[in-house]
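Spelled out from the first residue to the last, the chains are:
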Amino acid sequence: MKRGMRAEDLYKLKSVKNPQLSPDGKNVVFVQTVINEDKHDYESHLFISDIDGKQVRQWTFGDGSDNTPAWSPDGRFIAFTSTRSGKSQIYLISAEGGEARQITSCLNGAKNPMWSPDSSKILFEGSLAPNEKLTDKKRDKKEKNGDKLPEPMVVERIRYKSDATGFLDDKNQHLGIVTVETGEVLQLTDGDRDHAAGAWSADGQSIVFSADLGEDPDFSHISDVYIMSLADKQLTKITPSTGFFGNPNYSPDGKYITLIGHEKEYKSATLSCVWLYELESQSLQCLTADLDIHVGDIAIGDFHSAIVDQGAVWTNDSKGFYFLVTDQGRTAVYYGTIEGEMYPAMNDNEHVYGMTINPDTHEAVAAISNPTHPGDLFKVNLSTGERTQLTYVNDDFFKDIELSSAEPITFDAPDGWEVHGWVMKPFGFEEGKKYPTIIEVHGGPHAMYANTYFHEFQMLASAGYVVVFTNPRGSHGYGQAFVDAVRGDYGGKDYQDVIAATDYAVEYLEYVDADNLGITGGSYGGFMTNWAVSHTNRYKAAVTQRSISNWLSFYGVSDIGYYFSEWEVGGDLIEETEKLWKHSPIAYVSKVETPLLILHGEKDYRCPIEQAEQLFVALKKQKKETKFVRFPEANHELSRSGNPKLRIERLNHIKGWFEEYLD
């Protein structure tokens, strides 16, 4: 007899991602990630499959994690990053197999390898503090042995911490080139700015990269794209310093560069587009402005992490390119031309979370997920839509598991705006029976629930709950007006959309128990959970995760607070404190009657734990029913890429709270 999904089943699931086709189109290398249950840690290795999926082989072994594979253009080698020697470094392995060879020994590691067209060199990124070089290999003995005395950290810039990396320690990302045969490293950039590698030109004489090289990146909040001539390191800026541009790729004929980005017309709610730069005329134009679709994959999930987005990938005729879009609860693949024509190539109700194309044949290998399929690789003919499954990494495990399907729903908000979402019935569903129901609210807010696997939802459905998850206004996937509608109105019509989802479930889903409703969400979803329980008593239980409770303190303690608060809420800490307080759930904490569980990571710098501490103290001071769970060493990504043991503890705390308060 089959059973439902448990939190602990996370240890059994395998993730496949970041496929890369060989130059001859006959093989694909990809990353497979598993969790070592004994070590409570992730292990990633490279696997290779022939293009028909008849033979799938593990290609790298040992301790550590191997990631970001890249074929040499001559097809002889695969470059990849590995932590097997401690810090992430770049390794080479023959396409024929054998032992991998380490080719970088950078002081703070190396990542993101990109081959030169002649297969002799690799462009990469490395982290450097002032006075460090990419050629440095060793620290002094005291620091290496860990017996260096503590020193104060002197902060002179607003951007001194990051949720992804913690305190920045004055380090910046720089670009280098390593010669494959000799291991010689040439450093290309320096200074106190971050640089992100893009691509090589077809003749190997230039590279293209993105960076904010303005006078004060604390306040400019832009990313420009630059061409660097490798002969003299001269830079040519090809974007106008008006927004965020990145993921640049040269066309094979060297005449064009595609970019992904926007000009911040709607600040952080602006749709990203495909842009085309023509080198001869030095002109830049937006190609997808009329699509009203966000370019890129911004779907929210809790299973895959460290996904590589390659931007717009060219075909060999230099007339067109393929790219991912986020649209209507799916991520799809579009084909675009240099004339600005755009066509959907893959547009099913699924989540395409990775793609590599054969630039000669319009065939692709895509990583695809849906609500009852965590993800596998598929060979896809992008012209006809014909597909063949290449991997079956979780099939054996799912022989004994029953997953809940996600049924799409659409309903109207009070002002007539249409809202889209899904509902999952509980495991063992019986007609005529009423079930407790949980409303899920995603983070962002500019993200999107999608037709993808969500471990948390499956676990809750297995535990006997109806799960309703929707995309309220502010979500991507439904056009520019929809994603921008939340700005300046947090807790306004976005809250009405969440209530409308609850109303829809109660009125139209006969199996929903109107007297047993719960609500939960993380980040912005945590904000909305806090807001909901302080503005209505219709939920019997709530779980707020890595939430925002107080915009006034968030402004100064979050790594993005000093600009995000102004862009999203519309309030300045000095002159508009009343507006920030008006939109803060903690201002209404006296009205909370719903039992509230508070979950938060102790090293969350995006929504720092003081947000949870304030909320917990305010609730306890007023004798409200609450509990506070702190996750040590966990940042904002706990639910997706955090310590596996803590991820499972988090899931069981959520389930346990609802089991305690929902009948």
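It should be emphasised that the depicted structure is a prediction, and the values quoted were computed from it without experimental measurement. (Residues numbered from 1 in each chain as written. Predicted model: local features only at pLDDT ≥ 70, side-chain atom pairs only at ≥ 80, totals over all residues. Heavy atoms only, no water.)

Undergrad: What exactly am I supposed to notice about unusual backbone geometry here?
TA: Leaving glycine aside, a negative phi is the common case for residues, and trans is the common case for peptide bonds. Cis peptide bonds are those with omega within 30 degrees of zero, and the linkage from glycine 444 to proline 445 qualifies with 0°. Along the chain, the position of proline 445 falls in the loop between strand 34 (435-441) and helix 4 (455-462). If you check the backbone angles, lysine 233 has positive phi at about 60° while not being a glycine. Inspection of the secondary structure puts lysine 233 in the loop between strand 17 (224-229) and strand 18 (235-237). Positioned with a positive phi, lysine 267 is a non-glycine residue whose angle comes to about 50°. (Helix = DSSP H or I, 4+ residues; strand = E, 2+ residues; numbered from the N terminus.)

Undergrad: When you look at the sheet that holds strand 1 (residues 15-21) in this model, what are you seeing that I'm missing?
TA: Note: strands within a sheet are paired through backbone hydrogen bonds, in either parallel or antiparallel orientation. Here we have four strands laid out as an open sheet, ordered 1-2-3-4, and antiparallel in their pairing. Two strands bound the open sheet, and with one partner strand each, they are strand 1 and strand 4 (56-58). Across the sheet, the axes of successive neighbouring strands diverge by a mean angle of 30°, strand direction being ignored. Note: strand 1 against strand 2 (residues 27-36), five bridges, orientation antiparallel. Pairing of valine 16 across the sheet is with glutamine 32, part of strand 2. (Pairing = 2+ DSSP bridges. Axes fitted to C-alpha atoms, helices over the stretch in contact; angles between N-to-C directions.)

Undergrad: Just to check I follow, could you spell out the packing of helix 6 (residues 493-508) against helix 7 (residues 524-533) for this structure?
TA: Angle between the axes and distance between the axes: these two values describe a pair of packed helices. Remark: helix 6 packs on helix 7, axes separated minimally by 11 Å, with the N-to-C direction vectors making an angle of 80°. Of the possible angle classes, the one that applies to helix 6 and helix 7 is roughly perpendicular. On helix 7, the residues touching Asp494, Tyr495 and Val498 of helix 6 are Tyr524, Met528, Trp531 and Ala532. Here the contact of helix 6 with helix 7 is built from residues that sort into six nonpolar, no polar and one charged. (Parallel < 35°, antiparallel > 145°, perpendicular 65-115°, else oblique. Contact = heavy atoms within 4.5 Å. Nonpolar A, V, L, I, M, F, W, Y, C, P; charged D, E, K, R; others polar.)

Undergrad: Can you walk me through the nonpolar core in this structure?
TA: As a rule of thumb, nonpolar side chains are buried together in soluble globular proteins. In this structure, Ile519, Phe527, Met528, Tyr539 and Trp551 are the most contacted members of the largest nonpolar core, which totals 56 residues. The element that contributes the greatest number of residues to this core is helix 6, accounting for seven residues. If we skip the residues at most four places from it in the chain, phenylalanine 527 touches Tyr490, Gly491, Ser547, Ile548, Trp551, His583 and Pro585. (Core = buried A, V, L, I, M, F, W, Y, C linked by side-chain atoms within 4.5 Å. Buried < 20%, exposed > 50% of the residue type's maximum accessible area, 1.4 Å probe, protein only.)

Undergrad: I would appreciate a short explanation of the packing of aromatic side chains in the present structure.
TA: In this description, a pair of aromatic rings is defined by centroid distance and the angle of the planes. What the rule picks out here adds up to 41 aromatic pairs. Relative to tyrosine 335, the ring of tyrosine 322 lies with its centre 4.9 Å away and its plane at 50°, an arrangement referred to as tilted. Of this pair, tyrosine 322 sits in strand 25 (residues 320-327) while tyrosine 335 sits in strand 26 (residues 330-337), and the two are 13 residues apart along the sequence. Taking relative accessible area as the criterion, tyrosine 322 reaches 3% and is therefore assigned buried. (Phe/Tyr/Trp six-rings, centres within 6.5 Å; stacked < 30°, edge-to-face > 60°.)

Undergrad: Explain the pattern of salt bridges to me, please; I cannot follow it from the model alone.
TA: Oppositely charged side chains are able to pair whenever their charged atoms sit close together. A complete count under the given rule lists 27 salt bridges for this structure. A salt bridge links aspartate 52 to lysine 379; its shortest N-O distance comes to 2.9 Å. Of the two residues, aspartate 52 is situated in the loop between strand 3 (41-50) and strand 4 and lysine 379 in strand 30 (residues 373-381); the sequence distance between them amounts to 327 residues. For aspartate 52, a relative accessible area of 37% corresponds to the partly exposed category. Between glutamate 613 and arginine 630 there is a salt bridge whose closest N-O contact spans 2.8 Å. Here the residue glutamate 613 occupies a position in helix 11 (residues 610-621), and arginine 630 occupies one in strand 39 (residues 626-631), the gap between them amounting to 17 residues. Residues participating in the shared-partner salt-bridge network are Asp415, Arg473, Lys493 and Asp497. (Salt bridge = Lys/Arg side-chain N within 4 Å of Asp/Glu carboxyl O.)

Undergrad: Sorry, what's going on with the environment of glutamine 89 here?
TA: Its location among the elements puts glutamine 89 in strand 7 (residues 89-94). Residue classification places glutamine 89 among the buried residues on the basis of a relative accessible area of 5%. It is 34 Å that separates the C-alpha atoms of glutamine 89 and alanine 450, two residues lying 361 residues apart in sequence. Other than its neighbours up to four places away in sequence, glutamine 89 contacts Phe80, Thr81, Ser82, Gln102, Thr104, Ser105, Cys106, Gly109 and Ala110. A distance of 2.8 Å separates a polar atom in the side chain of glutamine 89 from the backbone oxygen of cysteine 106. (Polar contact = N/O pair within 3.5 Å; in protein donor to acceptor, adjacent residues only side chain to side chain.)

Undergrad: When you look at the UniProt feature "domain: Peptidase S9 prolyl oligopeptidase catalytic" (unreviewed entry) in the protein chain in this model, what are you seeing that I'm missing?
TA: Taken from the UniProt record, the annotation "domain: Peptidase S9 prolyl oligopeptidase catalytic" (unreviewed entry) applies to residues 453-662. With 45% helix and 16% strand, residues 453-662 has end C-alpha atoms that lie 25 Å from one another. (UniProt positions renumbered as here; feature names shortened; annotations may be inferred.)

Undergrad: Where do I start with the side chain of serine 127 in this structure?
TA: Along the chain, serine 127 falls in strand 10 (residues 121-128). Sequence-distant contacts of serine 127, that is, excluding residues within four places in its chain, are made with Asn108, Gly109, Lys171, Asn172 and Gln173.

Undergrad: Would you take a moment to explain the environment of proline 595 for this structure?
TA: One can find proline 595 in the loop between helix 10 (577-582) and strand 38 (596-601). With 310 residues separating them along the chain, proline 595 and glutamine 285 place their C-alpha atoms 53 Å apart. Ignoring any residue separated from it by four or fewer positions in sequence, one finds proline 595 in contact with Lys540, Ala541, Ala542, Glu625, Trp657 and Tyr661.

Undergrad: So what exactly am I meant to see when it comes to the sheet that holds strand 5 (residues 66-71) here?
TA: One open sheet accounts for four strands, arranged 5-6-7-8; its pairing is antiparallel. In this open sheet, the two edge strands, each paired with only one partner strand, are strand 5 and strand 8 (101-102). Pairing of strand 6 (residues 77-82) with strand 7, which is carried by six bridges, proceeds in the antiparallel orientation. Pairing of isoleucine 78 across the sheet is with isoleucine 93, part of strand 7.

Undergrad: What am I meant to see in helix 4 here?
TA: For an α-helix, the turn length of 3.6 residues means that residues three or four places apart are oriented alike. In terms of burial, helix 4 is largely enclosed, as seven of its eight residues are buried. Listed as buried for helix 4 are His455, Glu456, Phe457, Gln458, Met459, Leu460 and Ala461. Packed against the buried residues of helix 4 are strand 33 (418-424), strand 34, strand 35 (466-471), strand 36 (512-522), strand 37 (541-545) and helix 13 (644-661). Immediately beyond the C-terminal end of helix 4, within one or two residues, lies glycine 464, with a positive phi of roughly 105°.

Undergrad: Can you walk me through a nonpolar patch on the surface in this structure?
TA: A cluster of nonpolar residues, Met153, Val155 and Phe167, forms a patch on the protein surface that exposes about 250 Å² of accessible area. With respect to the helices and strands, valine 155 occurs in the loop between helix 1 (141-145) and strand 11 (161-162). (Patch = residues over 30% accessible without salt bridge, like charges linked within 9 Å, V, L, I, M, F, W, Y side chains within 5 Å. Areas by Shrake-Rupley, 256 points an atom, 1.4 Å probe, with all protein chains shown as cover.)

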